[in-house]
Each structure stands twice: as C-alpha cells, then as structure tokens.
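Breakdown of the fold
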Amino acid sequence: MKKTAALIAVLMMTMAVPLAVKAAEHDHGSMHEGHGGQMAQAGKVVHRQVVDGVKVTFRIMDMKGMEMPKGIKETHHLMAEFADAKSGKPITEGEGKVKVVGPDKSEQTKDLMGMEGHFGADIALSKPGKYGVMCKFKVKDGKVRSSKFWYAVK
Ligand SMILES: [Cu+2]
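Reference entry: report on the structure contained in this document. (Residues numbered from 1 in each chain as written. Predicted model: local features only at pLDDT ≥ 70, side-chain atom pairs only at ≥ 80, totals over all residues.)

1. Topic: the nonpolar core
To keep it simple, the criterion reads: Here, a nonpolar core denotes buried Ala, Val, Leu, Ile, Met, Phe, Trp, Tyr and Cys residues that are linked to one another through C-beta atoms within 7 Å. Here a residue counts as buried when 20 or more other C-beta atoms fall within 10 Å of its C-beta, as exposed when 12 or fewer do, and as partly exposed in between; the C-beta atoms come from the backbone. Secondary structure is summarised from DSSP: a helix means a run of H or I of at least four residues, a strand means a run of E of at least two, and numbering begins at the N terminus for each. Here contacts are defined at the residue level, using C-beta atoms placed from the backbone and a cut-off of 7 Å between them.
Core analysis: the biggest nonpolar cluster contains 22 residues, and Phe-58, Leu-78, Ala-80, Phe-82, Val-98, Leu-112 and Phe-137 have the highest contact counts within it. For this core, the secondary-structure elements that each account for two or more residues are β2 (54-62), β3 (76-84), β5 (94-101), β6 (107-115), β7 (118-123) and β8 (129-139). Filtering out sequence-adjacent residues up to four positions away, Phe-58 remains in contact with Val-46, His-47, Leu-78, Met-79, Ala-80 and Phe-149.

2. Quick look at the pairing of strand β9 (residues 144-153)
A regular strand places its side chains so that they alternate between the two faces of the sheet. Applicable threshold: Should DSSP find at least two bridges between two strands, the strands are regarded as paired.
Alignment of β8 against β9, held across ten bridges, turns out to be antiparallel. When the sheet's bridge partners are listed, Met-134 is paired in β9 with Lys-148. Between β8 and β9, which follow one another and run antiparallel, lie four residues, and Gly-142 among them has a positive phi close to 80°.

3. Considering the environment of Trp-150
As for its position among the elements, Trp-150 is in strand β9. Trp-150 gets classed as exposed once you count the C-beta atoms within 10 Å, which come to 11. Separated by 18 residues in the primary sequence, Trp-150 and Gly-132 have C-alpha atoms spaced 4.7 Å apart. Here Trp-150 is in contact with Lys-130, Tyr-131 and Gly-132, once residues within four sequence places are set aside.

4. Thoughts on unusual backbone geometry
The phi dihedral of Asp-52 is positive, around 50°, even though this residue is not glycine. One can find Asp-52 in the loop between β1 (44-51) and β2. Located in the positive-phi region is Lys-105, a residue other than glycine, with phi close to 75°. Topologically, Lys-105 is positioned in the loop between β5 and β6.

5. What about the pairing of β1?
Sheet analysis places β1 next to β2, joined by seven bridges and oriented antiparallel. If you follow Val-45 over to β2, its bridge partner there is Arg-59. Counting the residues in the hairpin turn of β1 and β2 gives two residues, including Asp-52, whose phi is positive at 50°.

So, in structure tokens, the structure goes:
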C-alpha cells in the first residue's frame, strides 16, 4: 500500500515537471494568461500550406481590447500550427522564427514559442498596409522549412 502511494507521488512529480516548463515558456510578458485552445481557435486563419510533408496553418489574432501591459507595442498574436501532412497528426515539438516586414520596410524578428497546441509570437502590425510574414521552422526530422505569406492590415 505504502509502495503504491510512493509510486503515485513519483508519477505526480514527473508529470508536474513538463507542466512547469510549459508555464515558464508561456510567461514571456504578454497576453498569454489563459491563452488556451479556445483562444487559438479565435485567431483567423491567414495562411495554410504544405511544406515538404508538413502542413502549417497560420492564424493571426488581433489583441485589441485585451489586457496588455503598458508600453507593449505588439498588436497581434501570430500562431503557427504544424501537422504531419499525411496523417494529419499535430506536431507539437519544434522551433521556429518569424520575420515580419512592414509596409514601411521595418523588420521585426521573433522566436516562435511553444504554447498549447501551437507556436506563437506577438507581433506589431500597427500601421495599415501589407505585411510580409516569413517563417522558418524546424520540426522533429531536423529539416528547416519555410513558409511566407502576405497579411493586409486595414
Ligand atoms: Cu500563443
């Protein structure tokens, strides 16, 4: 009996570790509090593409009206979801970078952070016009893939 309790305690501890890591990843000083699956669905799909066997879906969510810390210039949340193009199975491990070129040619480069079911970054799309979004990402096979699209802000 005692042994079982100890085993459960160990199991709970090992389970708590990845959760703690996740929470830490989330804490990058932005709106990620309570940013779960529901919110991920709230973003509008702006680009979908299959790159070398990996399906990537980009969503952009306007953060207007959300509680943001003062002095933050980021206005939108960019989300990327990866899936195996053949099986449709989501790919939750990987890393990526995104570069956004604004209508005034200004550039911003952000790391995509692993979040619940997606990879995200906060970006500033504060001026109307066309933004070029370039994303480079690496999933478990180690191959670097890229995807780009245009996003217009009115
Ligand atoms: Cu996110």
